[in-house]
Amino acid sequence: MKKLITLTLLFAIFSGGISIAATKDIDLLKLKAEATQKAKQRPVIETIALTKASTSGQFSLEAAIGNRRSVRSFTNEKLSYETIGQLLWAGQGITDSVSGKRAAPSGGGIYPMELYVVMSDGVYRYDPVKNSLLKNNRNDVRTPLSNASYKQQFIKDAPVLIVIAGSPKKIMEKYPNNIKEFMYLEAGHIAQNIHLQAVVTGLASCPVGAFESKKVKQICKMTQSQEPVYIIAVGKPQNEALTLNRVDEKELASIAAVERKKRVVMILPGDRFDDREFFDTKDVLTTAGFEVDIAAEELDIYRGNRRGMAESNLLLSKVRPNLYDAIILVGGDSTRKLEKNSYLSGILINANNNEKIIAAIGRSAKLIAYRSIVEDKIVTVDNGTRTKLRRAGAKFTASKADRDGRIITAQNFESASQFGKLIVEAVNSIKSSDTSTSGRYVPTNVLRRKGIEQDKKRGKLIEQPQDEY
Ligand SMILES: Cc1cc2nc3c(=O)[nH]c(=O)nc-3n(C[C@H](O)[C@H](O)[C@H](O)COP(=O)(O)O)c2cc1C
């Protein structure tokens, strides 16, 4: 009987009907040898060994999907090799060291795609087998790449551009009738993995399909048989409201240990803000024990319309709505300046998606005139401020200050104290039905570890509409 089993097994192995680790190891060795051979034929001026990618994280897949957005304005902060390695792993990393299979699926397991990385210090390609970056050019080619992409500006500014290239020749051997289709489908799989990895890494990204293939191919020094299919711009977004907010374990422990103070942010429109709307509201908030941040376009001292001074301690671009219980807008003659401010619209829509309290007094009410925020909500404003709000579906009341759910409005400085009290009431009422972590996005797995109830509200990443392809 034993002999029969052994014979059957041997037959299965030699006929290829069964695969065991030993045979797969040989496959991988072969793969590595082939990769080394191929690498030798292509110029490499520097090799950077990447650290092993992480396979666990703070955020859920749902949070990643729910927060992905195409973002086109980045800070010029460089990304670390560790971060770049993580993004590349998500796209093409080897996720099964025995079989050599990768993070993204590939028709017939051919793996005909290759990732090029363009940064300020040159062009690299990713070698998934050796988990390394191989440099082929020392120049900053982001501007030529932007020019080859019909001068899309953000390509020039992105710290990292991942160019996905495909080899039709490789696909042809197995699927001669579906070459292009397979190449594009695979690029889509890879790109999506990279986008989602970017989200959970606190980064933003934008896919680019509008470019001149021939030029991109030359710029990246691709092989004769490769074609660029997709470019992914990645970086830290200018607008911090567009990132998933990380709460590290230490911070979380301190939140759990002590009852967190309520925290709100007041947004000033600039000089000639309405003094009384600002100071009277702020007095009520601080008396209630709230921490109050003051955000504005610049870190500066602003002068109110009655010569009161207020100093901002936070840039509008740095406001992370998830860290606040309420977002409060102050009016004044300069309100108009904020009407087209993309940071502010990002903050408001993110805050709304996170079910935060949004409060606006005086002229600032027109800044919250988004259908998603005020439709069917009762608001109170001066006659002069009604048009935009009406268009966004708001309903009006004659009372001086009013609260409809999470939306609080007040007509002007005369009702500023009442406005402040409504905010305090609203923030505290949320507290009573929630936990000490209320108002923060806290990742599920960390919460489970800490045994704290999850804050289910998750932020959406949003960006002002731009010319889109
Ligand atoms: C195949 C493809 C090509 C794209 N090309 C560009 C591009 O060249 N430039 C750009 O700014 N956005 C580009 N985008 C991004 C789209 O404009 C964006 O996905 C769309 O507006 C939806 O927004 P969202 O990604 O934030 O959900 C491309 C998207 C896809 C799927």
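Cut-offs and rules
- Residues numbered from 1 in each chain as written.
- Predicted model: local features only at pLDDT ≥ 70, side-chain atom pairs only at ≥ 80, totals over all residues.
- Helix = DSSP H or I, 4+ residues; strand = E, 2+ residues; numbered from the N terminus.
- Buried ≥ 20, exposed ≤ 12 C-beta atoms within 10 Å, placed from the backbone.
- pLDDT = per-residue confidence, 0-100.
- Contact = placed C-beta atoms within 7 Å.
- Pairing = 2+ DSSP bridges.
- Axes fitted to C-alpha atoms, helices over the stretch in contact; angles between N-to-C directions.

With respect to unusual backbone geometry
Residue Lys151 is not a glycine yet carries a positive backbone phi of 60°. Checked against the element boundaries, Lys151 lands in the loop between α5 (142–148) and α6 (153–157). By C-beta crowding, Lys151 is classed as exposed, having 10 other C-beta atoms within 10 Å. At Asp376, a residue that is not glycine, the phi angle is positive and equals roughly 65°. With respect to the helices and strands, Asp376 occurs in the loop between α13 (371–374) and β17 (378–379). Asp376 sits in the exposed class, given 9 other C-beta atoms within 10 Å.

Some points on the confidence of the model for the chain
The predicted model of the chain averages 84 in pLDDT, with 80% of residues at 70 or higher. In this model residues 1–24 is a low-confidence stretch, pLDDT under 50, and it forms 9 contacts with partners more than four residues away in sequence or in other chains. Confidence drops under pLDDT 50 across residues 431–469; counting only partners more than four residues distant or on other chains, this segment forms 80 contacts.

Here we look at the sheet that holds strand β5 (residues 122–127)
Spatially, the 7 strands line up as an open sheet ordered β1-β6-β5-β4-β7-β9-β8, and their pairing is antiparallel. Lying at the two open borders of the sheet, with one neighbouring strand each, are β1 (46–49) and β8 (204–208). Strand-to-strand twist across the sheet, computed as the mean angle between neighbouring axes with direction ignored, equals 25°. The sheet contact formed by strand β7 (residues 160–166) and strand β9 (residues 227–235) spans 7 bridges and is antiparallel. Directly across from Val163, in β9, lies its bridge partner Ile231.

A closer look at the sheet that holds strand β19 (residues 401–404)
As summarised here, the arrangement of the 7 strands in space is β14-β11-β10-β15-β16-β20-β19, forming an open sheet in which the pairing is mixed. Strands at the two margins of the open sheet, each flanked by one partner only, are β14 (314–315) and β19. Where strand β11 (residues 291–296) meets β14, 2 bridges bridge the pair, whose relative direction is parallel. By the bridge assignment for β14, Ala296 is matched with Leu315.

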